[in-house]
Each structure stands twice: as C-alpha cells, then as structure tokens.
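What follows is the residue order along each chain.
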Amino acid sequence: MAGEVIVETRKLTKVYRDFWGRQKHTALKALNLEIRKGEIFGLLGPNGSGKTTTIKLLLGLLFPTDGEAFVFGKPAADVTKNEKIGYLPEESYLYRFLNAEETLDFYGRLFNLDAQTRNTRARDWIERVGLGSNRKRILKEYSKGMRQRIGLAQAMINDPDLVILDEPTSGLDPLGARWMKNLIAELREQGKTVIMCSHRLEDVQDICDRIAILNQGELQAYGDVKELLQDVNRLELRASGVQINDSLRQELEEVVKRHGGKVDSMGHPTTTLEDYFLRIVEESKAHPGRRFIPSEAKK
Amino acid sequence: MDQTLFATLILERDPLRWEDVPTGILSWIQVAGGIAAIGLILWTLFGWTRMSKADSERIPAWKKMAFAILAGSGLILFTIVLGLKATLLGQEGSADAQRQKLQEALQTLAGLLSLGAASLPLMINLPRMSGRRIFGLAKLSFQEAVRRRVVYAFAALLLVFLFSSWFIPYKPEDQVRSYVQVVYWAMTPLFLLTSALLAAFSIPADIRNQTIHTIITKPVERFEIVLGRFLGFTALMSLIMVAMTALSLLYVLRGVDPAAAAESLKARKPFYGDLSFLNTDDSRKGDNVGREFEYRSYIAGPGMGGRGPATAVWNFPFPPSSLTSRNKVRCEFTFDIYRTTKGRENRGVACSFIFTTWRFREGDERKYEAEKRQALQDRKGRSDADIENELAEKYGYYPYPSKPITDYHTLFLDIPAGLFRNALKEDPARLNELKGANRPINPITVKVNCLDPTQYVGMARYDFYFREDDQDSPYEKFHFAVNFFKGAYGLWLRMCLVIGLSVAMSTYLTGVISLLITFILFLGGLVQDFIQQVAAGANPGGGPMESLFRLVRRENMAAPLEQTTANQIATNSDVAFRWIMRRLLDLIPDIDRLDFTLFVAEGFDISSAQLVLNSLVLFGYLLPWALLSYFLLKWREIGSS
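The structure presented is a predicted model; accordingly, all values stated were derived computationally and were not measured.

## Things to note about the overall build of chain B
Link 1 in the chain: When its secondary structure is counted, chain B shows 21 helices and twelve strands.
Link 2 in the chain: The proportion of buried residues among the 641 residues of chain B is 36%.
Link 3 in the chain: The contacts of chain B with a sequence gap of at least 6 include a subset with a gap of at least 24, amounting to 86%.

This is the structure we're talking about:
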C-alpha cells in the first residue's frame, strides 16, 4: 500500500527496569512498523503483548530503551507532533468533576484553539457523540459508554490527522460499538489515519485495512487484513435464489472433484449476532409495544 | 495622654532594604549556581552517559555548543574557586582579601554560567509555552479544588470568630494585639495545610488516575502543567484569602472596644536610625545586665561603671521632607528597665534626650538656652511650641531634659518640626567644615542618658523611631485596615511557598512524601536561626558528636572539653556535619521574613519595600525548585507510573 508514512518505528524496544537498573521485563522487542496515511491500522495481541506499550511510546508517555519512533516524521518525544494527534485511552481517563462542555473546552485550550473554535467544535462533537441532552452533567454521573463517547469527542476536538484509539468499543453497547465503527470508517473517508488496539477481533476485521499481531513484545504477523486472513486452500461460493438439495450437492461435488478438491460443508450462511441484535433493536423501534413471547416462539 | 499602649516591634534581624538587592542577587547566583553545578555533574554522570546516539544526534549543534561552553566553563571556574578557597583557609591579610574578592567574583561568574547551562533547555522551551494552555490548566486546578469542596475547610475559621473572644483579654492595651494574632494564627495553619494538601496530591493523583495521559498527549509542555497547577491553586486560595482577611478585619474592628481602637488601630510609619553607644566597652553594645534575651543592651545611670555617663546614640539619615511641613514630629520609644534598687514607688526611671542636627555646633546649646529664656519672657504672641520650633530650626538643637521611662509601655515625645527643617537646609560652609575636620555627617542625632544613679535602661536599634505618618490623622483606622491586608500578604507569600514546593516535589514524588518534605522544609525555615547557629558552631554544647559525648559523660555543655583523642575526633566530625548543615541551609526557605503578623499586631506599617523585596526573595527561592520540577517532570516516564 503506497502513501505517506505517518508512523514509523525502527527496532523500537522497551525494557522495564527496577530501581537498580536491572532488567525486569521486556515489553517490546525491536518493533519495526510503518503506518501510512489514510489507513486504519489494528494492533492486536493478548494481554501484555505490547500493544499499549507501543501506543504509549508513540505518544511520548514512555521513552524507548532502544530504537526509534517517529510520528509525522518527528521523534515521538517531540510534543509538537501531538498537535495533529487525537488519543482515546483504553479507559476514558477524564476529569470527572467537569461536565461535557467544560471537558471539551479544557482539551480545546490545550490545543491552543481560540474560544470560538472551541465552542463550535465542542457543540458539534457533543451532538455527534449523542450527548446533547447531557452536556451539563458532570462526567462522574455518566455511564461507561457515555464516558467513552465524550472521550472520543476530546480526541477529535483538534480535528486530528492521526487518531489513536485504545479499545475504542470498550464499554459500548452493540449500538454504540456499531456507531463507533461507522465513525472510524468515516474518518478513513476523510483521509485520516487511525491506529486502534482492540480485543474484539470482529471489530478489527470489520474496519481495519492492515494489522500487526504482537505476542510477548514481538511482532508475529503484519500486513493487509484480507491477505492475512485469506485461506488459499479453501474456496467460498455464495449464491442466492437456490435451495440446497441432493442434485445441487451432487453436481457441485462433482465440479469440485474435477478440479482436485472436495466439498467440506455446504449450508445456508448465518448472519453475525451483532447484525441480528441490531436488526431486532431497529425493528423494536419501528414497532413499539411488540414483545417477544417464548410460548409463541415454540408454536 | 502621656503613654500609649506597649507597642514593641522586636526586629532581631534588619528588614530588607533596597540597598541589599545587589548583594542578595550575587549571593543568590552563587548559591543557586552551586546547586546547578551539582545538578550538571549528576546529569553528566547519569544522564548524558545513558543518552542514545540517535537522541544525541538529534540535538542541534548550536544547542550542544552553547550547553558545553556554559556548563564546561562554569564547572572549571567552580573548580578554581574551590582551589582558591582551600588556599585561603586560615589565612588573613590584604593580599588574601584581594584573593577573596577574586574568589567571590569567580564564584558569581561560575554560578551564572552553571545556571545558564542548567536552565538552557527550559529557556529554549519557554517560547513554546502558551498562556492559553497554562490558563486552561490553572482553571482546571481551580475547578477541581472548588468542586471537591475545599472551600468548606475554611468554615473552621468561624469557630475562631465565634469563640475566640471568650479567651482574648479585655485589657484595652492588649486587645488589638491579641485579636490580630489570634486571627492570623488561625488563618495560617488553615491556609498552609489546605494549600499543601491540594498542591501535593494533585499531580500524583493525575498520574495515578491516568488523567494526565490525556494532557501529556496534547501539545503541552510538561512545565505548563507545573505552572498551571501552581497558578490555579494560588488563584483559588488567593480569592479565599481576600474574603477571609476581610471577614477577619471586620471581626477585629467590631471586637475591640473603643478605647483599644483609639489606642491601637494604627499603622505607624517608623523612621529608624542606627544605634551606637558612648562610654561602654563596645561602641555597638551597651552593658550586659545578664538578661537571657540579649536583644537589648543597657546604659547605666550616672556614677555606675566608673566611666563617663553611658549614652545611647541614634544617628538618623536625612529625614523625608514631608516631616518639615508640620509643627511637631512624634518620636516613640520602648525601653526596658533593669533595676538594681527598688527606686521610687510609682515613678519611672528618668532619661534625658538631646536632639541635634548635623548643622548644630558645639557650644550653641548655651545660646539656645539663653535665647529660649529671652523668648519665653518676650513672647510676642508666640506659644511655647512656636518658640521651640523657631529655636530648633535656628540651632538644630532640641533638648528634653527628663522623661520618666516606664517598663512595658511605648512612650513618646513631640519634637519641634523645626529641627527637621534645620537638618534639610543646605549649608555648604558647615558641610565643608565637617569634611575638613574629617567628622561624620549625621543628619539627626539623638542622645539618651539614664538619669537615675542606680538603674539601667535597655534599648535596641528599633526601640526608638520618628513617626513619618501623622499621629493625629483621622484616617488611622483606614491605615490599620490597609496594613491588615498587607499582613495577609505575608501569609499569601508563605502560601505561595508551600504551593510551589508541594507542586515541585509532586512532579516526582508521591503526594504523601511531597507533603512531608514540604513540611520539613517549612519547619526548617521556622527554626532557621537555630540551624544557622548549629552550622556556624555557635550553639552551646557543640555539634551532634560533641553533644553526644557530653551527654554520655554527663559533662556540662558550657565547660570546655578536655583535649583527648576521642574528643578531637568528635569535634572534627562535627566540622563535617556543620559543612553539611551549611549546604542544607541553602535549601531552607526564610519563613521568618514572610511573617508580618507582628507589624500588624503592634501597629507598625509594613513598607512597600518590604513587600516587594520579600516577594523577590520568595521568587528567588522558588526559581531553582521550578527548574528542578521542569526536569523531573520532563524526564519522568508518565506512562510507566
């Protein structure tokens, strides 16, 4: 994938040491990455694999033990690079004594935005994240999902070119998660670059262009999502307007056999639980008062 | 009324004056520069050696060059200074005095260079700092403190307002002093403790809760966080302080009875002179009568001590011209009496006062007396005061033959303002005459003698003064109110000190440890005099080792030690201890100077020079801490905490 390199790490290594300088834990080992403009990049890995360490190193929250990290061509320690970055931490670590407007005003000031820009963007983003009716409530009274939404708004207040999202769908209900994924897709359309860490692999699969999989601080896999997930030894055929029957099964098996393969299984595709859930919720909105009764389902 | 309340301003240290500024700045450069040099050595050993090649290459060449030149030359000069100091040990003489001067100059230059090197990264970062960001962070701190209901803590002051009057003496001469001291003493711990708690725990809480991650990941210079926290808490506490001071003032004004108010609600503007003594062993001191508190020294009555009459002499500089437009100028004094006999019952000890100006010629006192007798006979419609004024202006002389002095009361004399007019007149002939005779030019001199043969009268420099303000002014209450707020400014300065220290410490340490260190430094500041004595080896009993030896052997702390090997080891190890104490003294704030309570309570104006100079001292003290906090936060891995 061609394009301007926004983030680059060269042999980026992070070793945690104890008070006496003895090596305690290697969080990241010689990571080499390139993230290009306009892509959605996923960082995957089990707990303790080095995802958050990588993000913290890129943001200057940690200092590398070895190697280098560059964002927009500037060293990660250079705070001026942060002018074009929006960051949503894993937990929405915001000041809980502030309300939504005050929160966005505060973070707007940190970007040196003038009062008018701050007000306009704060108003827009509060509406966009669906907190218009709660703008005056202090964050302490917000649910986790609401805090995640206002957290995203603060990450977007500077209209960043690079958005770093640590577990963006954490704490969100399926509706919220879908909304977040749509928003990330929108950001891609606007030409912004997104880096996201997530444990929800289906989210990553849905929206990421490229991914890196880390384990125990080492890069295990790195590349285009479709290419990585592609199983070249298997074939998937989707068709509509036909029912499975013996003759269709027999004919297909013959065709596959003729080409040297064999049919493993054949059946109707299932939707994802997320899609099913969203459809049900949408329908319930369209038909208020309708109830699901188990006894009727049995009939 | 002949005697007012007992209003004694005991100043064991001279207040700061504008003349002290150049020396103060030089001393600050030397001390702060020394600390910066130690910091540079530590960084070279532990920071520079660990810096990666890539990071080192990214630093622009001019920055590296500037830093190397400043730090290198600073450290070399400090090494030379240390060498000079070693050669100067135990030597005296004019050649060594010159070398001493050279050493001072080199130390100042070395300090300046080291400070330049240490502050270079901050200086380079300064233009990047934004007022809007700092304001945002300050506002956040303000909101945080308000919404955490810190203001409620100040409701505790209501207890003082409600109940303290039960315990305050009703005697008019003590009432204002007691009221003022009670409200300041109540406000002081309340403000200092609350400020320290707020400031010490804010950044550590941000780090613990990771809220700081959302700040650090913005284009924020880390020092902006320090400044924002400091300014936010200071702003909030300042507002509360203004409100609390106004309430306290109201409480004092409403609480005191009219007699006490008339006597004590003042803000005198004293005009001080220098004190010396005649016919005593030491011209800087009078006799020692054995009082434990050695603030005052004493002059004996006639015939005691086998010398001429002991005289206390105050020499005043040229007075302000505002004094000449009046008829009289009040001088006030508070002397202590040491009685060797009971004396006469209900009678004070008599003292004589002679006021002269630099234009007064010896022998003119006879002319003055003769002319005064003549004028009193031939008044021509003039009052006694008019005649004294005319003569004082003519001769630069005014005697007050006998004034009974009573213990524990501030007494006064009204001096003809003509004396001051005489002092301010131009007189080139007299000036040349004095210069020709190589005699000092003392614009105004006051000589005090004790007239009672069996008594001593004790005095210190600040016990006698002229009042620059008008004692009959109808605005004395207003001046007191203004002075009350100036007194609160002293508390404000101490509060800034506590907030500054706590914020600086909390950039690296936990909240509890930051709070503890702040309090230790503050307490160190409160007992700075004692630490100074220990550091100088001037305290009785010696240093810790010597004291331990004395304790173990049950030796008297005043008795000289035997010259045994063990004792020598003890006294020598105390030398090293004293060196450490002297270095520690540089880290301890001068709290005493920031406390103006006594001025307000005793009814003395706090001059604007004092306010400004003490603010400068505080600024100078906090500046190195600010620099330290800059580096501590800059080098701290926030993400790993």
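And the narrative resumes.
## Some remarks on the domain arrangement of chain B
Link 1 in the chain: Under the domain assignment, chain B is made up of domain 1 (20–127), domain 2 (132–265 + 476–510 + 594–640) and domain 3 (272–467).
Link 2 in the chain: Here domain 2 of chain B and domain 3 of chain B have C-alpha centroids that lie 43 Å from each other.

## Some remarks on the confidence of the model for chain B
All names here are of chain B.
Link 1 in the chain: Looking at chain B as a whole, its pLDDT mean stands at 89, while 97% of the residues score no less than 70.
Link 2 in the chain: Mean pLDDT across the elements of chain B bottoms out in helix α6 (residues 157–163) (76) and peaks in helix α15 (residues 476–506) (96).
Link 3 in the chain: In this model residues 1–5 is a low-confidence stretch, pLDDT under 50, and it forms ten contacts with partners more than four residues away in sequence or in other chains.
Link 4 in the chain: Across the interfaces of the predicted complex, the ipTM metric reaches 0.84, alongside a pTM of 0.87.

## Digging into the sheet that holds strand β1 (residues 270–272) of chain B
Residues and elements named next belong to chain B.
Link 1 in the chain: One open sheet accounts for four strands, arranged β1-β12-β5-β9; its pairing is antiparallel. One side of each edge strand has no neighbouring strand; the edge strands of this open sheet are β1 and β9 (411–416). Each strand of the sheet is rotated relative to its neighbour by a mean of 35°, with strand direction disregarded.
Link 2 in the chain: The pairing of β1 with strand β12 (residues 464–467) spans three bridges and is antiparallel.

## A few points about the nonpolar core
Link 1 in the chain: Ranked by internal contacts, the top residues of the largest apolar core, which has 206 residues, are I164 of chain A together with V457 of chain B.
Link 2 in the chain: Setting aside residues up to four positions removed in sequence, V457 of chain B forms contacts with Y298, I299, F335, I337, V349, C351, I405 and C450 of chain B.

## Quick look at the interface of chain B and chain A
Link 1 in the chain: Counting residues at the interface gives 28 residues for chain B and 28 residues for chain A.
Link 2 in the chain: Within the residue set of the side of chain B that touches chain A, elements represented by two or more residues are α2 (53–58), α5 (131–147) and α8 (213–216) of chain B.
Link 3 in the chain: Sort the elements by how many residues they give to the side of chain B that touches chain A and α5 of chain B lands first, with eight residues.

## Regarding the sheet that holds strand β8 (residues 193–197) of chain A
Residues and elements named next belong to chain A.
Link 1 in the chain: Strands sit in the order β6-β7-β8-β3-β9-β10 across an open sheet of six strands; the sheet is mixed. Looking at the sheet topology across the chains shown, the edges are occupied by β6 (85–88) and β10 (218–224). In this sheet, adjacent strand axes meet at a mean angle of 15° when their direction is disregarded.
Link 2 in the chain: When strand β7 (residues 162–166) meets β8, the two strands line up parallel, connected through five bridges. Residue pairing across strands places V163 opposite V194, the latter belonging to β8.
Link 3 in the chain: Strand contacts of helix α1 (residues 51–59): β3 (40–44), β6, β7, β8 and β9 (210–215), with the helix running at about 145° to β7, the strand carrying the most contacts.
Link 4 in the chain: In the packing of helix α5 (residues 174–189) onto the sheet, the strands contacted are β3, β7 and β8, and the crossing angle to β8 comes to about 150°.

## Let's talk about helix α1 (residues 20–46) of chain B
Link 1 in the chain: Taking 1.5 Å per residue as the helical rise, α1 of chain B with its 27 residues ought to reach 39 Å, and the 38 Å between its terminal C-alpha atoms agrees with that figure.
Link 2 in the chain: Turning to α1 of chain B, its buried residues are W28, I29, A32, G33, A36, A37 and L40 of chain B.

## Looking at unusual backbone geometry
Link 1 in the chain: The backbone of K11 of chain A sits at a positive phi, close to 50°, despite the residue not being glycine.
Link 2 in the chain: Structurally, K11 of chain A is set in strand β1 (residues 5–17).
Link 3 in the chain: With phi around 65°, Q210 of chain B is a residue other than glycine that occupies positive phi space.
Link 4 in the chain: Looking at the element boundaries, Q210 of chain B is found in the loop between α7 (172–209) and α8.

## Let's talk about the packing of helix α2 (residues 100–110) of chain A against helix α3 (residues 115–128) of chain A
All names here are of chain A.
Link 1 in the chain: Packing of α2 against α3 brings their axes to within 9 Å, and their N-to-C directions diverge by 135°. By the angle between their axes, α2 is oblique relative to α3. Between α2 and α3 the crossing geometry is right-handed. Contact residues: α2 offers A100, E101, L104, D105, G108 and R109, while α3 offers R118, R121, A122, W125 and I126.

## What to know about the packing of α2 of chain A against helix α4 (residues 144–156) of chain A
Residues and elements named next belong to chain A.
Link 1 in the chain: For the pair α2 and α4, interaxial distance at closest approach is 9 Å and the crossing angle is 30°. Accordingly, the angle class assigned to the pair α2 and α4 is roughly parallel. In this structure, the crossing between α2 and α4 has a hand that is right-handed. When α2 is examined against α4, the residues A100, T103, L104 and Y107 are found in contact with a partner set consisting of I150, A153 and Q154.
Link 2 in the chain: Each residue belonging to the contact of α2 with α4 can be placed in one class, and the counts come to five nonpolar, two polar and no charged.

Definitions and limits used
- Residues numbered from 1 in each chain as written.
- Chains lettered and ligands numbered in written order.
- Predicted model: local features only at pLDDT ≥ 70, side-chain atom pairs only at ≥ 80, totals over all residues.
- Helix = DSSP H or I, 4+ residues; strand = E, 2+ residues; numbered from the N terminus.
- Buried ≥ 20, exposed ≤ 12 C-beta atoms within 10 Å, placed from the backbone.
- Contact = placed C-beta atoms within 7 Å.
- Domains from an automatic or database assignment.
- pLDDT = per-residue confidence, 0-100.
- Pairing = 2+ DSSP bridges.
- Axes fitted to C-alpha atoms, helices over the stretch in contact; angles between N-to-C directions.
- Core = buried A, V, L, I, M, F, W, Y, C linked by C-beta atoms within 7 Å.
- Expected span 1.5 Å × (residues − 1).
- Parallel < 35°, antiparallel > 145°, perpendicular 65-115°, else oblique.
- Left-handed = near helix turned anticlockwise from the far one by under 90°.
- Nonpolar A, V, L, I, M, F, W, Y, C, P; charged D, E, K, R; others polar.

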